[in-house]
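# Commentary on secondary and tertiary structure
Listed below are the residues making up each chain.
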Amino acid sequence: MNLVVVSNRVARARASEPLTGGLAAALLPVVEKSGAIWVGSSGRVRDGVHKDTFAEVEALGAGALALLDLPAAHYGGYYEGFANSALWPALHSRSDLIRASQDDYQSYREVNAFMARALMRFRKPDTAFWIQDYHFLALGAELRDLGVRNPIGFFLHTPWPARAIVGAVPHHRELVEAMLAYDLIGFQTDDDCENFLSYLQSELGLKIDDGVVTSRYGKSRCAVFPIGIDVEKFAVQAAKAATHPDVSRLRRSLNGEQLAIGVDRLDYSKGLVNRVKAFDRMLTSQPELKRTVSLLQIATPSRGTIEAYGNLQSELAKLVSDVNGRHGEADWMPIRYLNRGFNQTVLAGLYRTARVGVVTPLHDGMNLVAKEYVAAQNPADPGVLVLSKFAGAANELQTALLVNPHEIDGMSRAIATAFSMPLTERRMRWEAMMRKLRAGTIQQWFADFSDALQDAHASNKESASDLPAVESPKSWPLHVVGWRSGARVH
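Residues numbered from 1 in each chain as written. Predicted model: local features only at pLDDT ≥ 70, side-chain atom pairs only at ≥ 80, totals over all residues. Heavy atoms only, no water.

### Quick notes on empty space enclosed by the protein
Taken as a whole and judged by the stated rule, the model has 3 cavities of 30 Å³ or more. Volume-wise, the largest cavity comes out at about 80 Å³. Contributing to the lining of the largest cavity are L87, A90, L91, L137, W160, P161, V166, V169, H172, L175 and V176. Looking at the lining of the largest cavity, the elements that each hand over two or more residues are helix 2 (72-91) and helix 6 (172-179). Grouping the constituent residues of the lining of the largest cavity by class yields 10 nonpolar, 1 polar and no charged. Taken as a whole, the second largest cavity spans an internal volume of roughly 40 Å³. Along its surface, the second largest cavity is lined by G383, V384, L385, T399, A400, L401, R426, R429, W430 and M433. Looking at the lining of the second largest cavity, the element that brings in the most residues is helix 15 (residues 423-439), giving 4 residues. Grouping the amino acids of the lining of the second largest cavity by side-chain chemistry returns 6 nonpolar, 2 polar and 2 charged. (1 Å grid on protein atoms, 1.4 Å probe; cavity = no way out; pocket = protein on both sides within 12 Å on 5 of 7 lines; lining within 4 Å. Points joined across faces, edges and corners; volume = space filled by probe spheres on them. Helix = DSSP H or I, 4+ residues; strand = E, 2+ residues; numbered from the N terminus. Nonpolar A, V, L, I, M, F, W, Y, C, P; charged D, E, K, R; others polar.)

Take a look at the structure:
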């Protein structure tokens with residue numbers, strides 16, 4: 001089949017570009033190898049109506065990357081408004097932070113419809129569309145309204161919360177009904193899938209038969225596909241990165257200290273405030289650790305125009321300053337706090353340098369940083385992962401030190417335990433986690449979802465047979481440098 005992958009954010013195969021896990025970094029290697037077309041926002045907007053909305057199309061390994069300028073009149077309401085001030089907080093069980101207007105919702109739907117129209121030029125008889133994440137919950141329904149009968153799948157990279165929290169989202173029924181236009185809806189964990197099915201039964205009164213729900217669109221299959229990483233590639237990258245100048249400088253600056261590392265977007269779902277408080281508590285309760293351990297916290301700013309994010313940035317900066325002022329000395333600081341991203345090569349080297357990886361979100365879909373940290377370790381002398389039990393990765397990485405990110409004392413003890421863990425136990429825990437990572441790579445995730453989408457669509461053909469057909473636009477005003485038109489995924 002010809003596969004078209006759609007997401008809001010995209011990534012380029014450039015070693016110098018900063019990436020910190022997440023959707024874009026995860027999709028990059030499989031799109032490069034599969035021959036898929038990856039469509040996403042260019043990060044720019046346009047006023048008015050333009051015949052060609054694609055800003056640029058470029059080769060991406062065996063496939064292509066198509067960047068779309070979104071409409072200026074609706075981008076703010078779509079992205080900062082409904083997607084990240086209503087859906088994101090709700091999906092992370094923060095209904096107290098939901099902020100959205102009717103105009104925001106209208107803009108969200110307008111951008112979903114705009115993307116659907118743009119995608120029509122990629123449609124061929126054997127095209128399958130794979131939509132990624134909460135930015136495009138309604139995109140499948142918009143494609144169906146344009147007469148698309150091709151396979152359309154959706155994968156949610158965030159959690160799906162309990163029914164009561166979903167009910168706090170404006171227009172939640174309309175949105176979830178629109179999601180049923182997808183042949184296949186994928187989730188990170190069993191809990192996420194069960195929460196979604198519970199909503200369908202309780203709020204929409206729909207019957208579920210072995211994960212399959214029937215609606216006016218036909219049948220939609222709901223299933224779990226835990227996302228992975230390219231384990232072997234990341235491990236090789238980490239070993240090579242040990243000599244990178246940034247990594248070498250960090251290692252020299254430690255002066256024999258053991259390092260803990262956290263790498264996150266600056267987001268309230270990541271539990272950064274509680275993490276810093278736990279490190280503070282550890283140094284207070286075990287002062288003998290001073291000058292022997294430190295924390296490198298990389299927190300890449302995002303969505304700074306949204307009030308909750310601006311407040312978090314201010315709170316965290318003050319907290320780090322207070323902790324360093326309380327415990328630091330003229331030639332030593334307990335926390336190194338950086339508000340910028342790093343490319344994957346440098347990150348891999350930083351992970352390998354750190355004796356402890358601290359991944360403690362309050363709620364997370366998967367958290368690929370946890371998997372990257374494990375893959376980056378030196379097999380002869382691996383570090384220890386301290387992992388929130390509320391990250392999707394905790395379902396697989398059960399030999400990590402699992403913590404409740406709301407319990408400061410418990411996290412403090414776990415971090416101290418990680419620093420003092422003997423080599424034999426570190427190896428045992430690491431080897432068990434690596435077996436899990438190798439069994440669930442990003443390539444396996446990609447193949448499993450693609451196969452399931454084809455199966456789900458085949459069983460849904462009869463239900464969708466009365467949808468009207470619409471001719472695709474015949475024009476193709478795009479120049480793709482170095483890309484084979486008609487690349488296929490098998």
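### So, unusual backbone geometry
For H171, which is not glycine, the phi dihedral falls at a positive 65 degrees. Take H171: it is sitting in the loop between helix 5 (163-166) and helix 6. Phi is positive for N255, which is not a glycine, with a value near 50 degrees. Mapping N255 onto the fold places it in the loop between helix 9 (245-253) and strand 11 (258-265).

### Quick word on the sheet that holds strand 2 (residues 37-46)
With mixed pairing, the 10 strands of this open sheet are ordered in space as 3-4-2-1-5-6-7-10-9-8. With partners counted over all chains shown, the strands left at the sheet margins are strand 3 (54-60) and strand 8 (208-209), one partner each. The sheet contact formed by strand 7 (residues 184-187) and strand 10 (residues 218-224) spans 4 bridges and is parallel. Among the inter-strand pairings, F187 is bridged to a residue of strand 10, identified as V224. Here helix 3 (residues 102-119) sits on the sheet and contacts strand 1 (2-6), strand 2, strand 3, strand 4 (63-71) and strand 5 (127-132); the angle it forms with strand 4, its principal contact strand, is near 140 degrees. (Pairing = 2+ DSSP bridges. Contact = heavy atoms within 4.5 Å. Axes fitted to C-alpha atoms, helices over the stretch in contact; angles between N-to-C directions.)

### Quick word on the packing of aromatic side chains
Going through the model one piece at a time under the given rule, you end up with 20 aromatic pairs. Seen from their ring centres, W130 and F446 are 5.5 Å apart, and the 45 degrees between their planes marks the pair as tilted. With a gap of 316 residues between them, W130 in strand 5 and F446 in helix 16 (residues 442-460) connect regions that are remote in the sequence. Just as W130 is buried, F446 falls in that class too. Between F155 and F449 the ring centres are 6.3 Å apart and the planes differ by 90 degrees, which places this aromatic pair in the edge-to-face class. Remark: F449 occurs in helix 16 and F155 occurs in strand 6 (residues 152-155); sequence separation between them is 294 residues. On the basis of relative accessible area, F155 is assigned to the buried category, the value being 0%. In this structure an aromatic cluster arises from ring pairing among Y75, Y78, Y79, F82, Y105, Y108 and F136. Residue placement shows R303 over the ring face of W88; its charged tip is 4.4 Å from the ring centre. (Phe/Tyr/Trp six-rings, centres within 6.5 Å; stacked < 30°, edge-to-face > 60°. Buried < 20%, exposed > 50% of the residue type's maximum accessible area, 1.4 Å probe, protein only. Lys NZ or Arg CZ within 6 Å of the ring centre and 35° of its normal.)

### A look at the sheet that holds strand 13 (residues 335-338)
Within the open sheet, the 6 strands sit side by side as 13-12-11-14-15-16. Their pairing is parallel. Since the sheet does not close on itself, it has two edges, and those belong to strand 13 and strand 16 (401-403), each with one partner. Neighbour-to-neighbour, the strand axes of this sheet turn through a mean angle of 20 degrees, independent of strand direction. Pairing analysis gives 2 bridges linking strand 11 to strand 14 (residues 356-359), with the strands arranged parallel. Note that in strand 14 the partner of A260 across the bridge is V356.

### Some remarks on the pattern of salt bridges
Under the criterion given, the structure shown has 25 salt bridges. Ionic contacts of the salt-bridge type, sharing partners, join the residues R44, R46, E56 and D69 into one network. (Salt bridge = Lys/Arg side-chain N within 4 Å of Asp/Glu carboxyl O.)

### A look at the pairing of strand 14
Both faces of strand 14 are covered, namely the face carrying V356 and V358 and the face carrying G357 and V359. Bridge analysis of strand 14 against strand 15 (residues 384-388) gives 4 bridges, and the strand direction is parallel. Along strand 15, the bridge assignment pairs G357 with L385. The parallel pair strand 14 and strand 15 is bridged by helix 13 (residues 368-375), and the resulting crossover is right-handed. (Right-handed = clockwise from strand over helix to strand, strands pointing away.)

Everything listed here is a matter of geometry and, on its own, says nothing about what the molecule does.
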